[in-house]
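Descriptive structure summary
Given next are the chains, with one letter for each unit.
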Amino acid sequence: MIPLIKSMALMGILVSTALCPSISSACTGITIKPKDGSIIFGRTLEFAQELHSNIIVVPRNLNFVGTAPGQKQGLSWTTQYGFVGMNAFGLPIIADGVNEKGLHVGIFYFPGYADFETVSEKDLTRTISPQQVPVYLLSNCVTVDDVIEKIKQVKVGKVVLEQLGGIPPFHYIATDASGKSIVLEYIKGELNIHQNPLGVFTNAPAFDWHLTNLGNYVNLTDTNKPDVMIGDHKINGFGKVAGMFGIPGDFTPPSRFVRATAFSATALPVQTALEGVLQTFHILNQFDIPKGAVRGSMNGKSSVDYTLWTAVTDLTNLRYYFRTHEDSTIRMINLNCVDLNATEIKTISIQGEEQIIDVSGCAR
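The rules behind each value
- Residues numbered from 1 in each chain as written.
- Predicted model: local features only at pLDDT ≥ 70, side-chain atom pairs only at ≥ 80, totals over all residues.
- Heavy atoms only, no water.
- Helix = DSSP H or I, 4+ residues; strand = E, 2+ residues; numbered from the N terminus.
- Rg over C-alpha atoms; globule rule 2.2 N^0.38 Å.
- Buried < 20%, exposed > 50% of the residue type's maximum accessible area, 1.4 Å probe, protein only.
- Contact = heavy atoms within 4.5 Å.
- Areas by Shrake-Rupley, 256 points an atom, 1.4 Å probe, with all protein chains shown as cover.
- Lys, Arg positive; Asp, Glu negative; His and termini not counted.
- Charge placed at Lys NZ, Arg CZ, Asp CG, Glu CD.
- Salt bridge = Lys/Arg side-chain N within 4 Å of Asp/Glu carboxyl O.
- pLDDT = per-residue confidence, 0-100.
- Polar contact = N/O pair within 3.5 Å; in protein donor to acceptor, adjacent residues only side chain to side chain.
- Pairing = 2+ DSSP bridges.
- Axes fitted to C-alpha atoms, helices over the stretch in contact; angles between N-to-C directions.
- Parallel < 35°, antiparallel > 145°, perpendicular 65-115°, else oblique.
- Left-handed = near helix turned anticlockwise from the far one by under 90°.
- Nonpolar A, V, L, I, M, F, W, Y, C, P; charged D, E, K, R; others polar.
- Expected span 1.5 Å × (residues − 1).

**Comments concerning the overall build of the protein**
On a plain count of helices and strands, the protein comes out with 6 helices and 21 strands. Relative to the compact-globule value of 21 Å for 364 residues, the protein shows a C-alpha radius of gyration of 21 Å, a close match. For the protein, the proportion of its 364 residues judged to be buried stands at 54%. Taking the contacts inside the protein whose residues are at least 6 apart along the sequence as the reference set, 68% of them involve residues at least 24 apart. Only carbon and sulfur atoms are counted for the fraction: they give 53% of the accessible area of the protein, which is about 16300 Å². Placing the 28 positive and 32 negative side-chain charges of the protein at their respective mean positions leaves the two points 3 Å apart.

Here it is as structure tokens:
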């Protein structure tokens with residue numbers, strides 16, 4: 001019998017997450033480490049409205065201007081590294097992406113806790129908006145240590161994102177090609193940086209709370225429980241999944257954090273990056289939310305949360321895989337084949353309908 005926490009350490013598996021603007025804050029992400037040394041990050045994105053996401057390719061030497069509170073001009077910078085990822089609302093922002101050095105950055109929803117920094121007039125020239133954090137980090141950083149250094153050099157202000165109807169409550173995860181991971185959270189106007197030894201990241205509450213909450217599930221194992229004898233009477237477990245009995249199955253962030261940790265930690269080790277990519281997609285199937293399962297209200301209107309898209313990134317070989325709600329075919333962008341010396345951002349559509357292959361051989 002392998003206790004869950006020990007299993008995580010033995011297998012060297014990371015779990016993580018990124019942008020999840022929705023009433024349920026239901027994004028889930030995992031990172032797998034195959035035996036060939038590659039780092040594979042995967043995540044779902046749930047929301048209660050259409051985000052109009054597409055892939056964007058952002059080249060080197062492109063100029064960006066940050067936005068400060070009041071829609072004032074903020075920090076100006078030039079991209080040092082090219083990157084690709086999912087945008088939202090047709091804007092030059094990244095919800096989930098990776099740069100040419102294998103650094104991944106993602107946004108997650110953090111409602112009720114996110115509170116960004118106060119910006120004075122003298123701070124304007126070093127201020128960016130919450131939605132610009134991934135673009136700023138991907139364009140300037142190689143490692144997680146770079147992320148820590150760079151994020152401390154800027155102010156992240158309370159800037160309205162019109163498409164979401166207010167200041168977006170985000171927090172962030174960054175993972176580099178070595179597998180090192182950190183979490184960035186702005187709480188009560190202060191930046192909190194957490195080392196992320198598990199690579200796990202969902203939504204509210206704060207990240208350190210989730211780590212503490214895992215203590216409630218130390219008895220979960222990947223091994224079936226033995227039968228119990230009480231006197232002369234044998235008590236048999238129901239089915240062959242008794243080791244995971246009691247694992248939370250709802251869509252709340254704490255439950256998903258525990259579930260993602262358990263499923264990733266107990267996944268059988270794979271040999272190659274490609275096997276790791278496919279394994280990650282399979283695990284993320286456990287977190288797919290169908291339309292109608294999660295309902296609520298947004299901006300005074302009834303809404304239905306569901307999984308818009310799922311993305312898996314090979315940080316080692318620089319490949320970005322994705323599938324959408326409308327088309328479960330796995331598609332891929334190879335950073336080694338895109339032009340990172342272009343003069344403008346390139347958009348690659350992720351739209352399309354499900355392709356069904358008829359293997360029956362019938363005449364049409």
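**A short note on the pattern of salt bridges**
Applying the stated criterion across every chain yields a total of 8 salt bridges. Across the pair Asp115 and Lys158 runs a salt bridge, and its minimum N-O distance is 3.3 Å. Here the residue Asp115 occupies a position in the loop between strand S9 (104–109) and strand S10 (127–128), and Lys158 occupies one in the loop between strand S11 (155–156) and strand S12 (170–175), the gap between them amounting to 43 residues. Among the salt bridges present, the one from Asp123 reaches Arg126, with a minimum N-O distance of 3.6 Å. When its relative accessible area of 7% is taken as the criterion, Asp123 is described as buried. The class of Arg126 is partly exposed, set by a relative accessible area of 32%. When salt bridges with common partners are traced through the structure, they connect Lys122, Asp123 and Arg126 into a single cluster.

**Things to note about the confidence of the model for the protein**
Residues of the protein with pLDDT of at least 70 account for 91%, and the chain-wide mean is 90. Of the regions scoring below 50 in pLDDT, residues 1–24 engages in 122 contacts with residues more than four places distant in sequence or in other chains.

**Description of the side chain of Asp327**
Following the sequence through the fold, Asp327 ends up in the loop between strand S19 (319–324) and strand S20 (331–334). On the accessibility criterion, Asp327 (6% relative accessible area) is buried. In this structure the side chain of Asp327 is engaged in a polar contact, spanning 2.8 Å, whose partner is the side chain of Thr329. Contacts of Asp327, omitting those with residues within four sequence positions, involve Gly352, Glu353, Glu354 and Gln355.

**A few points about the pairing of strand S2 (residues 29–32)**
Neither face of S2 is left uncovered, since the one carrying Gly29 and Thr31 and the one carrying Ile30 and Ile32 both have all their residues buried. As defined by bridge partners, S2 adjoins strand S3 (residues 40–47) across 4 bridges and the pair is classed as antiparallel. Looking at S3, one finds that Thr31 is bridged to Phe41.

**Description of the packing of helix H2 (residues 133–140) against helix H3 (residues 144–151)**
Any two packed helices are characterised by how steeply their axes cross, that is the angle between the axes, and by the distance between the axes. Contact geometry of H2 with H3 gives a least axis separation of 10 Å together with a crossing angle of 125°. Compared by their axis directions, H2 and H3 come out oblique. Regarding H2 and H3, the two cross each other, and that crossing is right-handed. Residues Val133, Tyr136, Leu137 and Asn140 of H2 touch H3, and the partners they reach there are Val147, Lys150 and Ile151. Tallied by class, the residues present in the contact of H2 with H3 amount to 5 nonpolar, 1 polar and 1 charged.

**Some details on H2**
Think of an α-helix as 3.6 residues a turn; residues three or four steps apart then line up on the same face. Of all 8 residues in H2, 8 are buried, a share of seventy percent or more. Listing the buried residues of H2 in full gives Val133, Pro134, Val135, Tyr136, Leu137, Leu138, Ser139 and Asn140.

**Concerning helix H6 (residues 273–284)**
Spanning 12 residues, H6 covers 16 Å between terminal C-alpha atoms, matching the ideal 16 Å at 1.5 Å per step. All buried positions along H6 are accounted for by Ala273, Gly276, Val277, Gln279, Thr280, Phe281, Ile283 and Leu284. As for H6, its buried residues are in contact with S2, S3, helix H5 (253–265), strand S18 (301–314) and S19.

**Some words on the sheet that holds strand S4 (residues 55–58)**
As summarised here, the arrangement of the 8 strands in space is S14-S13-S12-S9-S8-S7-S4-S21, forming an open sheet in which the pairing is antiparallel. Strands at the two margins of the open sheet, each flanked by one partner only, are strand S14 (190–195) and strand S21 (346–348). Strand-to-strand twist in this sheet, taken as the mean axis angle between neighbours without regard to direction, amounts to 20°. Sheet analysis places S9 next to S12, joined by 6 bridges and oriented antiparallel. When the sheet's bridge partners are listed, Ile107 is paired in S12 with Tyr172. Seen against the sheet, H2 touches strand S7 (83–86), strand S8 (96–99), S9, S12 and strand S13 (181–187) and runs at an angle of roughly 170° to S9. Along the sheet, H3 makes contact with S12, S13 and S14, crossing S13 at roughly 20°.

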